[in-house]
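The primary structure of each chain is shown beneath.
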There are 2 protein chains.
Amino acid sequence: MSQPNNEYSEKHYFASYDHIGIHEEMLKDEVRTTTYRQAIYNSKHLFKGKVVLDVGCGTGILSMFAARSGAALVIGVDMSSIIETAKKLAEDNDLGDKIVFLRGKMEEVKLPVDKVDIIISEWMGYFLLYESMLDTVICARDMYLKPDGLIFPDHATLKIAGIEDGAYKAEKIDFWDDVYGFDFSRIKQTALREPIVDIVEAGAIVTTASSILEIDLYTVTVKDLEFRSDFNLIATRTDYLHALVGWFDIKFTKCHKPLYFSTGPHARYTHWKQTVFYLHDILSINAGEKITGEITCKPNDKNHRDLEFTVSYEFSPADAGRAMRATHEYLLC
Amino acid sequence: MSQPNNEYSEKHYFASYDHIGIHEEMLKDEVRTTTYRQAIYNSKHLFKGKVVLDVGCGTGILSMFAARSGAALVIGVDMSSIIETAKKLAEDNDLGDKIVFLRGKMEEVKLPVDKVDIIISEWMGYFLLYESMLDTVICARDMYLKPDGLIFPDHATLKIAGIEDGAYKAEKIDFWDDVYGFDFSRIKQTALREPIVDIVEAGAIVTTASSILEIDLYTVTVKDLEFRSDFNLIATRTDYLHALVGWFDIKFTKCHKPLYFSTGPHARYTHWKQTVFYLHDILSINAGEKITGEITCKPNDKNHRDLEFTVSYEFSPADAGRAMRATHEYLLC
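What you are looking at is a predicted structure, and each value in this text was computed from that prediction instead of being measured.

The rules behind the values
Residues numbered from 1 in each chain as written. Chains lettered and ligands numbered in written order. Predicted model: local features only at pLDDT ≥ 70, side-chain atom pairs only at ≥ 80, totals over all residues. Heavy atoms only, no water. Contact = heavy atoms within 4.5 Å. Buried area = accessible area lost by both parts, 1.4 Å probe. Salt bridge = Lys/Arg side-chain N within 4 Å of Asp/Glu carboxyl O. Polar contact = N/O pair within 3.5 Å; in protein donor to acceptor, adjacent residues only side chain to side chain. Disulfide = S-S within 2.5 Å. Buried < 20%, exposed > 50% of the residue type's maximum accessible area, 1.4 Å probe, protein only. Helix = DSSP H or I, 4+ residues; strand = E, 2+ residues; numbered from the N terminus. Pairing = 2+ DSSP bridges. Right-handed = clockwise from strand over helix to strand, strands pointing away. Least-squares fit on C-alpha atoms with pLDDT ≥ 70 in both. UniProt positions renumbered as here; feature names shortened; annotations may be inferred. Axes fitted to C-alpha atoms, helices over the stretch in contact; angles between N-to-C directions. 1 Å grid on protein atoms, 1.4 Å probe; cavity = no way out; pocket = protein on both sides within 12 Å on 5 of 7 lines; lining within 4 Å. Points joined across faces, edges and corners; volume = space filled by probe spheres on them. Arc of directions from axis to C-beta. Domains from an automatic or database assignment. Nonpolar A, V, L, I, M, F, W, Y, C, P; charged D, E, K, R; others polar. Phe/Tyr/Trp six-rings, centres within 6.5 Å; stacked < 30°, edge-to-face > 60°. Lys NZ or Arg CZ within 6 Å of the ring centre and 35° of its normal.

Undergrad: For this particular structure, what's the right way to read the interface of chain B and chain A?
TA: Accessible area lost upon the coming together of the parts serves often as the stated size of an interface. With 51 residues of chain B at the contact, the number on the chain A side is 51 residues. For the pairing of chain B and chain A, the buried interface totals around 4,900 Å² over both sides, and the portion due to carbon and sulfur atoms is 65%. At the boundary of chain B with chain A, the tally comes to 4 salt bridges. Put simply, chain B and chain A have 10 residue pairs in polar contact (both at pLDDT 80 or more) between them.

What follows is the structure, encoded as structure tokens:
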């Protein structure tokens, strides 16, 4: 706007504009960004003189961490126009000669090297896999990582647990029963199918956690991301169970000292928050009782960025209570 | 997903899906929804036996208010797929025979009547005009409203004031000066151009308010929405001024007793919050001093949903302080 005669800067300004907010949120996620920084800065012995590939580099912060950590060359790849800003930021920080930024798809961009020593990437989405770039990281690994190459981070775990969530369920789900004097309950059926990304307090957890997916970045394949997993949840207290909550943990195992962060309810806030799957019924659980079930996850056929889930559970109270079983479907979109 | 063989419900499910969250936020905005409800329920003498047009009806809540208020016929028009849900909700509430829902553009849909007695619409966007449907309401008025017809609401005022906002400005703007040890200050220039929609505390206001636009729904034209206005702000206390905050007030003047709600910092929370325009400099103001200026607003040429602003101000401290003047440009997108 301020340079109406400069077509490039004009385009650039408008293109980059929308995206600043997203990158601001990610950069301000201190758990995320400081863990990556620590993992890279504590691994100077691994990065020194190496060629590093940053998959989905965004503003280039991870590329800059790698350059500061002694990498001989860092290659940042991103499809978004933000990469034009990343290029300038690297120059502003005297790293313009150490980092090469390439705009385009990982499959299509022409890298200045045949192979790289290390791949760094912050690819995780809500519930780990929603709109995640993991498939792109897998592609980069298969195309460019040396046989003995490293990946930062290199391990992810997806977990679920049961929560007492009566107050919030009433606000999100039961709300539709009476909307200013009208019956909106049919919207309730849609709302129940929509996992909610929000903050869950640690105190809401009423069962043990169950790991439903383990990802080794060195060996995972794209088809592993369409998965089916059993789960066993043991009630840790006598309470009501309204929903399942999902989160993920991330590990950097190749640092001098392995680093880890969790996006779970018990951990410090991250912009990924947690993901809540409401059950249609309310389970009355007693400490020690078991909820068993199965969860399946696959990309939605209509929009591969969206995730479809099927959750089946079975609950047989130890006391005279009614045994319950149900299967619910969800769409994270 | 639960009815893979039912193509319609399938499509409908996915189409309506994305939109529930938006409608939930609007319905849960109690200031918004209860004021509309009160305006319509308190005007049964005006709605009884009348034909009502609901512009941008969404879930149809306003149409249902009008039907319950005695309207003979309510016509709800919306382009979004949510109107399929609205139709079913009206039936669920035994109002299916009183409300006709038409999906499409106001300019193109074929109404079952030549003229209507009353137009109801919740058309307001952030800072009143951002992504607002006011142009559609004007179109509906000119095409369908009887000469003596009514519009609910029928008056809007856009206002600005100065605020002390040091802490938040540091978080949103100065943050870019040092991002984990790197200079990201060039992003600061983009951030400064972006008005921020967020909650401003009443205590942050340090000047009088200035009205920059008055809209009479009976006479306003589309070109009135591209405007230029002078403003005068008198410092109400000795403090720093970091930004201008904008908000709007809405009136229903044709009710038995006129109704009003404000989206200002001094009023109860609404989903419109307030809109903050950061100045590049910090003004040191003393109670009684005046800031004069001019604000222009027009739709962005590239995307007519976005708004371009130019804010010029002049500040001459009564004391020996340095006189300041500047012109800043903003894009709300």
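Undergrad: So what exactly am I meant to see when it comes to the state of the cysteines here?
TA: A covalent bond between the sulfur atoms of two cysteines is referred to as a disulfide. All names here are of chain A. With the rule as written, the count across this model stands at 0 disulfides over all chains. Here cysteine 333 is not cross-linked by a disulfide; its sulfur's nearest cysteine counterpart is in cysteine 297, at 13 Å. Given the relative accessible area of 30%, cysteine 333 is considered partly exposed.

Undergrad: Is there a simple way to think about the pairing of strand S4 (residues 116-121) of chain A in this case?
TA: A regular strand places its side chains so that they alternate between the two faces of the sheet. Residues and elements named next belong to chain A. Taken across its 6 residues, S4 has 6 buried, putting it largely inside the fold. Where strand S1 (residues 51-55) lies against S4, 4 bridges are found, and the strand directions are parallel. Within the sheet, the bridge partner assigned to leucine 53 lies in S4 and is isoleucine 119. Pairing of S4 with strand S5 (residues 145-152) involves 4 bridges; the strand directions are parallel. When the sheet's bridge partners are listed, valine 116 is paired in S5 with leucine 145. Once you follow S4 into helix H7 (residues 134-144) and on to S5, the crossover reads as right-handed.

Undergrad: Just checking my understanding: could you explain the relation of the copies chain B and chain A for this structure?
TA: What relates the two chain copies is a rotation about an axis together with a slide along it. Each copy superposes on the other: chain B lies on chain A with an RMSD of 0.0 Å after a rotation of 180° and an axial shift of 0.0 Å. Here the copies are linked by what is in effect a two-fold axis. Here 100% of the contact residues of chain B are again contact residues in chain A; the copies associate through an equivalent surface.

Undergrad: Explanation requested: the UniProt feature "domain: Methyltransferase" (unreviewed entry) in chain A in the structure shown.
TA: Here the UniProt feature "domain: Methyltransferase" (unreviewed entry) sits at residues 52-149 of chain A. Here residues 52-149 of chain A is 31% helix and 27% strand, with 10 Å between the C-alpha atoms at its ends.

Undergrad: What is the right way to read the sheet that holds strand S15 (residues 324-332) of chain A from this model?
TA: All names here are of chain A. Spatial strand order, S9-S13-S14-S15: 4 strands in an open sheet with antiparallel pairing. The open sheet terminates on both sides in strands that have one partner only, identified here as strand S9 (227-234) and S15. On average, each strand axis in the sheet is tilted by 15° relative to the strand beside it, whichever way the strands run. Bridge analysis of strand S13 (residues 290-299) against strand S14 (residues 307-315) gives 9 bridges, and the strand direction is antiparallel. By the bridge assignment, lysine 298 is partnered in S14 with glutamate 308.

Undergrad: Help me understand helix H5 (residues 61-68) of chain B, please; the structure alone is not making it clear to me.
TA: An α-helical segment advances 3.6 residues per turn. Residues three or four places apart therefore align on the same side. Residues and elements named next belong to chain B. In terms of residue burial, H5 counts as a mostly covered element, since 7 of its 8 residues are buried. Taken as a whole, H5 has its buried residues at Ile61, Leu62, Ser63, Met64, Phe65, Ala66 and Ala67. One or two positions beyond H5, positive phi appears at glycine 70, with a value near 105°.

Undergrad: Teacher, can you tell me more about the sheet that holds S1(A) here?
TA: The strands making up a sheet associate through hydrogen bonds between their backbones, and the pairing can be parallel or antiparallel. Residues and elements named next belong to chain A. Strand order across the open sheet formed by 5 strands is S3-S2-S1-S4-S5, with parallel pairing between neighbours. Edge positions in the sheet fall to strand S3 (99-103) and S5, since each has one partner strand and no second. Between one strand and the next, the sheet's axes are offset by a mean angle of 20°, whatever the strand orientation. Bridging between S1 and strand S2 (residues 73-78) involves 5 bridges; their strand directions are parallel.

Undergrad: Looking at this structure, I do not really get the pattern of salt bridges. What am I missing?
TA: Oppositely charged side chains may form a pair once their charged atoms are brought near each other. Using the criterion set out here, one finds 38 salt bridges over all chains in the structure. A salt bridge links B:Asp92 to A:Arg186; its shortest N-O distance comes to 2.6 Å. Linking B:Asp92 in helix H6 (residues 82-92) with A:Arg186 in helix H9 (residues 185-192), this pair reaches from one chain into another. Given the relative accessible area of 32%, A:Arg186 is considered partly exposed. Linking B:Arg32 and B:Glu122 is a salt bridge whose minimum nitrogen-to-oxygen distance equals 2.6 Å. Here the residue B:Arg32 occupies a position in helix H3 (residues 30-41), and B:Glu122 occupies one in the loop between strand S4 (116-121) and helix H7 (134-144), the gap between them amounting to 90 residues. Judged by its relative accessible area of 6%, B:Arg32 is buried. A residue is classified by how much of its surface remains accessible, and B:Glu122, at 8% relative accessible area, is buried. Beyond isolated ion pairs, a larger network of salt bridges with shared partners links A:Glu24, A:Lys28 and B:Lys172.

Undergrad: Even after reading the chapter, I still don't get the layout of surface pockets, so can you show me in this structure?
TA: Gaps left between atoms show up when a probe the size of a water molecule is rolled over them. Residues and elements named next belong to chain B. Looking at the second largest pocket, its volume works out to about 1,400 Å³. What lines the second largest pocket is a set of 39 residues, and nearest its centre among them are Ile22, Met26, Glu131, Met133 and Arg305. Counting residues per element, the ones that place at least two in the lining of the second largest pocket are helix H2 (20-27), strand S1 (51-55), H5, strand S2 (73-78) and H7. The leading source of residues in the lining of the second largest pocket is H2, at 5 residues.

Undergrad: Would you explain H2(B) in this entry?
TA: When we look at burial in H2(B), the residues that qualify are B:Ile20, B:His23, B:Glu24, B:Met26 and B:Leu27. An end-on view of H2(B) places all buried positions within 165° of arc, on one side of the element.

Undergrad: Is there a simple way to think about the domain arrangement of chain A in this case?
TA: All names here are of chain A. Considered domain by domain, chain A is made up of domain 1 (1-122) and domain 2 (155-333). The distance between the C-alpha centroids of domain 1 and domain 2 comes to 33 Å. Counting residues at the interface gives 15 residues for domain 1, matched by 12 residues for domain 2. Interface area lost by domain 1 to domain 2 is led by Asp29, Val31 and Thr35, which between them contribute 38%. In this assembly, domain 1 and domain 2 are joined by 1 salt bridge. Measuring nitrogen to oxygen at the nearest pair gives 3.1 Å for the salt bridge that ties arginine 268 to glutamate 30. Our enumeration of links across domain 1 and domain 2 arrives at 2 residue pairs in polar contact (both at pLDDT 80 or more). Elements with a minimum of two residues in the side of domain 1 that touches domain 2: helix H2 (20-27), helix H3 (30-41) and helix H4 (44-47). Ranked by the residues each element gives to the side of domain 1 that touches domain 2, the list is headed by H3, at 7 residues. Split by residue class, the side of domain 1 that touches domain 2 holds 5 nonpolar, 5 polar and 5 charged.

Undergrad: Looking at this structure, how should I read the packing of aromatic side chains?
TA: Aromatic rings considered in pairs are described by the distance between their centres and by the relative angle of their planes. Summed over all chains, the structure comprises 28 aromatic pairs over all chains. Here the aromatic residues A:Tyr36, A:Phe47, A:Phe152 and A:Phe252 are joined through ring pairs into a cluster of three or more. Between A:Lys28 and the ring centre of B:Phe175, over which it is positioned, the NZ or CZ distance is 4.7 Å.

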